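A structural walkthrough
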Amino acid sequence: MELIQNTPDLSAYLAADEVIDHDHPRVRETAARLARSAEDSYAYARLAFEFVRDGIPHSQDSGDPRVTWRASDVLEQGTGICYAKAHALAALLRAEDIPTALCYQKFDVVHGLVAVRFNGAWHRQDPRGNKPGVDARFSLDGERLAFMPDPESNEMDYPVLYAEPHPAVLSALKAAPDRPHLWKTLPTAL
């Protein structure tokens, strides 16, 4: 699948905004701590991925009812669904000048991922969190995502790489008072 930037300006994939707030002290502190253990940007990206994947539980898996959507809140509260975890990873990567996009897959509902740019190409990564039957890994040598769509079941990969969260995703997150409510309002398509 060819991944398509929704904006040709690569600097958009480094920008801070209300959601991917990599200028926030919590994000900067976390990024600096991870960067101290990394010998280069690839190692940093892998460490940041593993930190979000393993260190921030997926709220559905853990039973946490809180809904987070801003990267700094995900890091502070230590919880989030796939979209929120993708926002946190994007912020940590952008904090260290690694272009990062948000991207999505369609299953029963829309699932959120990131794509990182290394060596002139985009590479999708899924920081959702592993559990039995899910084994996502950081990789630039072929995708190791949590889930692979089944086209016969009307599942798909969306090829668009977004600089900001998709409006349908952000609206659902912001409007949800808790995760059970969010589960009823997750977008089913983009």
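What you are looking at is a predicted structure, and each value in this text was computed from that prediction instead of being measured. (Residues numbered from 1 in each chain as written. Predicted model: local features only at pLDDT ≥ 70, side-chain atom pairs only at ≥ 80, totals over all residues. Heavy atoms only, no water.)

Our next topic: the overall build of the protein. Check the secondary structure of the protein and you find 7 helices and 6 strands. Put simply, the protein runs from its N terminus to its C terminus through helices and strands in the order β-α-α-α-α-α-β-β-β-β-β-α-α. Taking 190 residues into account, the globule formula puts the C-alpha radius of gyration at 16 Å, and the protein, at 15 Å, falls close to it. By its C-alpha atoms, the protein is 40 × 35 × 35 Å across when sized along the principal axes. Taking all 190 residues of the protein together, the buried fraction comes to 51%. For the protein, the share of sequence-separated contacts (at least 6 apart) that also reach a separation of at least 24 residues comes to 61%. On the protein, roughly 8,600 Å² of surface is accessible, and the fraction owed to carbon and sulfur atoms is 48%. In the protein, 20 positive and 28 negative side-chain charges are present, and the distance between their average locations comes to 4 Å. (Helix = DSSP H or I, 4+ residues; strand = E, 2+ residues; numbered from the N terminus. Rg over C-alpha atoms; globule rule 2.2 N^0.38 Å. Buried < 20%, exposed > 50% of the residue type's maximum accessible area, 1.4 Å probe, protein only. Contact = heavy atoms within 4.5 Å. Areas by Shrake-Rupley, 256 points an atom, 1.4 Å probe, with all protein chains shown as cover. Lys, Arg positive; Asp, Glu negative; His and termini not counted. Charge placed at Lys NZ, Arg CZ, Asp CG, Glu CD.)

What follows covers the side chain of Thr68. As for its placement among the helices and strands, Thr68 is situated in the loop between helix 3 (59–62) and helix 4 (71–77). Within the local environment of Thr68, its side chain forms a polar contact with the backbone oxygen of Thr79, the two atoms lying 2.7 Å apart. (Polar contact = N/O pair within 3.5 Å; in protein donor to acceptor, adjacent residues only side chain to side chain.)

Counting buried residues along strand 3 (residues 110–118), 8 of its 9 residues qualify, which places the element largely inside the surrounding structure. Counted between consecutive antiparallel strands, the loop separating strand 2 (residues 100–106) from strand 3 contains 3 residues. Two elements, strand 3 and strand 4 (residues 121–125), share 5 bridges in a ladder whose sense is antiparallel. Bridge pairing in strand 4 links Phe118 to Ala121. Turn length for the strand 3-strand 4 hairpin, with the two strands adjacent in sequence and antiparallel, is 2 residues, and the turn residue Asn119 shows positive phi of about 55 degrees. (Pairing = 2+ DSSP bridges.)

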